[in-house]
Amino acid sequence: MGIAIVLTVPACRKHKMDGMKMEEKNINYPAAYIVNGETNTLSVINLNSNTVTDTIELMSSGAGMPMWPHHVYHHTAGDMHHLAIGVPGMDLSEGHSGGMAGMKGKVLVVDGVKGTVLKELEVPAMNHNAVYSPDGNEIWTSQMGMNGKVLVYDAKTFTLKKTIAVGMEPAEVTFSADGSKAYVANGGDNTVSVIDPATKTVITTIAVDADPVGAWVGYDGKMYVDNEEGESISVVDVATNTVVQTIPLGFMPGSAAHNQVKKELWVTDPDNGKVHYWTWNTVGNQWSHSGSFNTGAGAHAVAFTGDGNTAYVTNQLAASVSVINVTDHSKIKDISVGKKPNGIVIKQ
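The structure reproduced in this document is the subject of the present report. Residue numbers here run from 1 along each chain, matching the order of that chain's written sequence. With the structure being a predicted model, the display of local features is reserved for residues of pLDDT at least 70 and the display and counting of side-chain atom pairs for 80 or more, all residues being used for whole-chain, interface and lining totals. The side-chain figures draw on all heavy atoms in the structure; neither hydrogens nor water molecules are used.

**Structural notes on the layout of surface pockets**
Gaps left between atoms are located by rolling a probe of water-molecule size over the structure's atoms.
At step 1: Cavities and pockets are found on a 1 Å grid laid over the protein atoms alone: a cavity is a set of points where a 1.4 Å probe fits but cannot escape, a pocket is an open set with protein on both sides within 12 Å along at least five of seven lines, and a lining residue has an atom within 4 Å of such a point. Grid points are joined across faces, edges and corners, and a volume is the space filled by probe spheres set on the points. Put simply, the largest pocket is a space of about 1,200 Å³.
At step 2: Looking at the lining of the largest pocket, the elements that each hand over two or more residues are strand 6 (72–77), strand 10 (130–132), strand 14 (170–175), strand 18 (212–217), strand 22 (256–259), strand 26 (299–304) and strand 30 (341–347).
At step 3: Asp, Glu, Lys and Arg are counted as charged, while Ala, Val, Leu, Ile, Met, Phe, Trp, Tyr, Cys and Pro are counted as nonpolar; the rest, among them Gly, fall into the polar class. Here the residues of the lining of the largest pocket sort into 21 nonpolar, 18 polar and two charged. By the criteria applied, helices consist of DSSP H or I runs no shorter than four residues and strands consist of E runs no shorter than two, each listed in order from the N terminus.

**Regarding the sheet that holds strand 17 (residues 201–207)**
At step 1: Spatial ordering of the open sheet is given by 14-15-16-17, a layout of four strands whose pairing is antiparallel. Here the strands that pair on one side only, and so sit at the sheet edges, are strand 14 and strand 17. Taking the axes of each pair of neighbouring strands and ignoring which way they run, one obtains an average angle of 20° across the sheet.
At step 2: DSSP bridges decide pairing: two strands pair if at least two such bridges lie between them. Sheet topology places strand 15 (residues 182–186) next to strand 16 (residues 191–196); five bridges connect them, and they run antiparallel. Within the sheet, the bridge partner assigned to asparagine 186 lies in strand 16 and is threonine 191. Fitted lines through C-alpha atoms give the axes, limited to the stretch in contact for helices. The angle between two N-to-C directions lies from 0 to 180 degrees.

**A few points about the pattern of salt bridges**
At step 1: Every case where a carboxyl oxygen of Asp or Glu lies within 4 Å of a side-chain nitrogen of Lys or Arg is listed as a salt bridge. The tally for this structure, following the rule as stated, stands at seven salt bridges.
At step 2: Note that glutamate 138 is salt-bridged to lysine 200, the shortest N-O span being 2.9 Å. Placement of the pair is glutamate 138 in strand 11 (residues 138–143) and lysine 200 in the loop between strand 16 and strand 17, with a sequence separation of 62 residues.
At step 3: Here aspartate 237 makes a salt bridge to lysine 222, at a shortest N to O gap of 3.7 Å. Of the two residues, aspartate 237 is situated in strand 20 (residues 232–237) and lysine 222 in strand 19 (residues 222–227); the sequence distance between them amounts to 15 residues. Here the two residues aspartate 237 and lysine 222 agree in accessibility, since each one is buried.
At step 4: Here the salt bridges share partners, and the residues they tie into one network are Glu138, Lys161 and Lys200. Using a 1.4 Å probe on the protein chains alone, a residue whose accessible area is under 20% of its type maximum counts as buried, one over 50% counts as exposed, and one in between counts as partly exposed.

**Describing the packing of aromatic side chains**
At step 1: Stacked, tilted and edge-to-face pairs are distinguished by plane angle, under 30 degrees for stacked and over 60 for edge-to-face with tilted covering the rest, among Phe, Tyr and Trp rings (Trp via its six-membered ring) whose centres lie within 6.5 Å. Enumeration according to the criterion identifies six aromatic pairs in this entry.
At step 2: Arranged with centres 6.1 Å apart and planes meeting at 75°, the rings of tyrosine 224 and tryptophan 287 form a pair that is edge-to-face. One end of the pair, tyrosine 224, is in strand 19; the other, tryptophan 287, is in strand 25 (residues 286–294), and 63 residues separate them in sequence.
At step 3: Taking relative accessible area as the criterion, tyrosine 224 reaches 1% and is therefore assigned buried.
At step 4: Given a relative accessible area of 5%, tryptophan 287 falls into the buried group.

**Concerning the nonpolar core**
At step 1: The set of buried Ala, Val, Leu, Ile, Met, Phe, Trp, Tyr and Cys residues whose side-chain atoms join them within 4.5 Å is what this entry labels a nonpolar core. Trp140, Ile233, Ile247 and Trp278 are the most contacted members of the largest nonpolar core, which totals 24 residues.
At step 2: Elements with a minimum of two residues in this core: strand 12 (149–154), strand 14, strand 15, strand 20 and strand 23 (264–269).
At step 3: Grouped together as the second largest cluster of nonpolar side chains are 18 residues, Leu58, Leu83, Leu108 and Val110 included.

**Considerations on unusual backbone geometry**
At step 1: Residues other than glycine seldom take positive phi values, yet asparagine 40 does so here, at roughly 55°.
At step 2: Here asparagine 40 lies in the loop between strand 3 (31–36) and strand 4 (41–46).
At step 3: The buried category is assigned to asparagine 40, whose relative accessible area is 1%.
At step 4: Here the phi dihedral of phenylalanine 158 falls at roughly 60°; this positive angle occurs in a residue that is not glycine.
At step 5: With respect to the helices, strands and loops of the structure, phenylalanine 158 is situated in the loop between strand 12 and strand 13 (160–165).

Here it is in structure tokens:
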């Protein structure tokens, strides 16, 4: 990645949201946004300099108790860059149990350029994430109860359009790379619900290993399900709705990320502060373990730059982000961010 001059952020007017005044920023550079759960902030890393150049306050209650914002997703149209963030209301860094009956969650919508909170939407139950539909017209979020649901909101009016019944204790909601299907990992009954985004109905339910957390997008016609208790990855074929490979890990996964350029599958190992990677074996038509490298304590989420050459890994217990050279899997540097960083997304 070439080095560019860091742009100076000019003084901006203030924006008021739900009683909180927020100073508008000018994040008009390639950036990684890191959700800091304990500090209720987004750290913004300038990809040209690999330094934190902005911090976005997320919650109107930001000066008080943390609400534990968790995962972040990006939608862009023209010059508009919006971020959707799920706020479960509790710390999920050491597992997903412990939620109390009646706990509510939130969905935050943030202007990724101005750094302002556009909407703080309360939802009936704690949620794992919030994600834009492929066309950007909707925001989908899970409801992590025994009677699992996915709520679909209009992205402009924030009105509820549809409630979809899924499995028990659903966590991450994701979409396939081609946008043809939505996936919900149901940790309570070891399944993944597959949903038609157009009709918003469940197409099928796929059995996977124990305690799935997310079906992470692959750019090879697959989805990669991280099973925490099962210590495995279930590889789901998007076209056939079947598990075509189960990858044993030997550790509890944090998340999985597919690098389509380098043709590698990365899985974070939070307990050991590592990332393991697999390469595609054309002889056996399956993923083969190829090595691992150190990042930081509580390694959690991975984001690749568009050229596939650089990766950013959040380390929840180290309060840092590791920058990795993908070609040789060497660490370029660690960047200090807020407390309990988890979700990450890149804007280029």
